[in-house]
Amino acid sequence: AAAEGTERVEVEGLRLHMSSSNRTGYTGVSKVASGRFKATQEVDGRNVYLGTYDTAVQAAVAYARAIGTAPAVAEAAEGVRLHLSSSNATGYRGVHKARNGRYEAKRKKEGRFVYLGLFDTAVEAAVAHARAVAETDAEAAEASPADGAIPSASGGDGEPYRTI
């Protein structure tokens, strides 16, 4: 881990969320009366407690883990286009935070929701959702090659993609 006070942006392989408007220098991290550092994450308009840590960097790492910025997932998902959503608290279409704190992925297929699983991070759930959409689009392309049309990978909702 990085020593406190350095300008390190990546620790333990996680991108830390720097903040110029926060006294600790990290988003989601605040100093408590004991001199330790508390990490919180906003979920559905509420602050969710993530833990109290000895250093601001440790709290920032906990925050980074909670919001799902694990680069290992990004490497595993190379070439997969994640479906971003500005109207979803997780930032990804088809992903929401479950009551147990993990991330659930679902997708709609033939008018019904299909459960894709529970994941440790929002990014992992978004990757599962993107892969399911890609499989469905591939199946649709194989089923109707006569007209030469390629189905829309966006699902028709107009949300942008982010390739990782």
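Residues numbered from 1 in each chain as written. Predicted model: local features only at pLDDT ≥ 70, side-chain atom pairs only at ≥ 80, totals over all residues. Heavy atoms only, no water.

Peer 1: Quick one: what's the story with helix 1 (residues 56-67), residue by residue and with numbers?
Peer 2: Note on helix geometry: an α-helix contains 3.6 residues per turn, so any two residues three or four positions apart are oriented the same way. The end-to-end C-alpha separation of helix 1 is 17 Å, in line with the 16 Å expected for 12 residues at 1.5 Å each. Summarising burial for helix 1: 9 of the 12 residues are buried, a large majority. Among all positions in helix 1, only Ala56, Val57, Ala59, Ala60, Val61, Ala62, Tyr63, Ala64 and Ala66 are buried. (Helix = DSSP H or I, 4+ residues; strand = E, 2+ residues; numbered from the N terminus. Expected span 1.5 Å × (residues − 1). Buried < 20%, exposed > 50% of the residue type's maximum accessible area, 1.4 Å probe, protein only.)

Peer 1: Requested: an account of the sheet that holds strand 5 (residues 46-53), with residues and values cited.
Peer 2: Within the open sheet, the 3 strands sit side by side as 3-4-5. Their pairing is antiparallel. What marks the edges here is a single partner per strand, and that holds for strand 3 (29-31) and strand 5. With strand direction ignored, the average angle separating the axes of adjacent strands in the sheet is 30°. With 3 bridges joining them, strand 3 and strand 4 (residues 37-43) adopt antiparallel strand pairing. Its bridge partner lying in strand 4, lysine 31 is registered against phenylalanine 37. (Pairing = 2+ DSSP bridges. Axes fitted to C-alpha atoms, helices over the stretch in contact; angles between N-to-C directions.)

Peer 1: Before we move on, could you go through unusual backbone geometry and cite the residues and values that matter?
Peer 2: Even without a glycine there, the phi angle at glutamate 110 is positive, about 50°. By secondary structure assignment, the location of glutamate 110 is in the loop between strand 8 (103-109) and strand 9 (112-119).

Peer 1: Could you give an account of the sheet that holds strand 8, naming the residues involved and the relevant values?
Peer 2: Picture the strands of a sheet paired through backbone hydrogen bonds; they go either parallel or antiparallel. Taken in spatial order, the 3 strands of this open sheet run 7-8-9, and their pairing is antiparallel. Taken across any chain shown, the strands that pair with only one partner, and hence form the sheet edges, are strand 7 (95-97) and strand 9. Mean inter-strand twist for the sheet, computed between neighbouring axes without regard to direction, equals 30°. As defined by bridge partners, strand 8 adjoins strand 9 across 7 bridges and the pair is classed as antiparallel. Paired with alanine 105 across the two strands is glycine 117, which belongs to strand 9.

Peer 1: Explain the pattern of salt bridges to me, using residue names and the numbers behind them.
Peer 2: Tallied over the full model, the rule gives 2 salt bridges. Aspartate 54 is the salt-bridge partner of arginine 36, the closest N and O atoms lying 3.1 Å from each other. Taken together, the positions of arginine 36 in the loop between strand 3 and strand 4 and aspartate 54 in the loop between strand 5 and helix 1 put the pair 18 residues apart, joining distant regions of the chain. In this structure, arginine 102 and aspartate 120 form a salt bridge, with 3.2 Å as the shortest nitrogen-oxygen distance. Residue arginine 102 is found in the loop between strand 7 and strand 8, and its partner aspartate 120 is found in the loop between strand 9 and helix 3 (122-143); the two are separated by 18 residues along the sequence. When its relative accessible area of 31% is taken as the criterion, arginine 102 is described as partly exposed. In this structure aspartate 120 comes out as exposed when scored by relative accessible area, which is 52%. (Salt bridge = Lys/Arg side-chain N within 4 Å of Asp/Glu carboxyl O.)

Peer 1: Outline the side chain of glutamine 41, listing residues and values.
Peer 2: Along the chain, the position of glutamine 41 falls in strand 4. A polar contact is formed between the side chain of glutamine 41 and the side chain of lysine 97, at a distance of 3.1 Å. In this structure, glutamine 41 is in contact with Arg46, Asn47, Val48, Leu50, Tyr63, Ala66, Ile67, Lys97 and Tyr103, ignoring residues within four places of it in sequence. (Polar contact = N/O pair within 3.5 Å; in protein donor to acceptor, adjacent residues only side chain to side chain. Contact = heavy atoms within 4.5 Å.)

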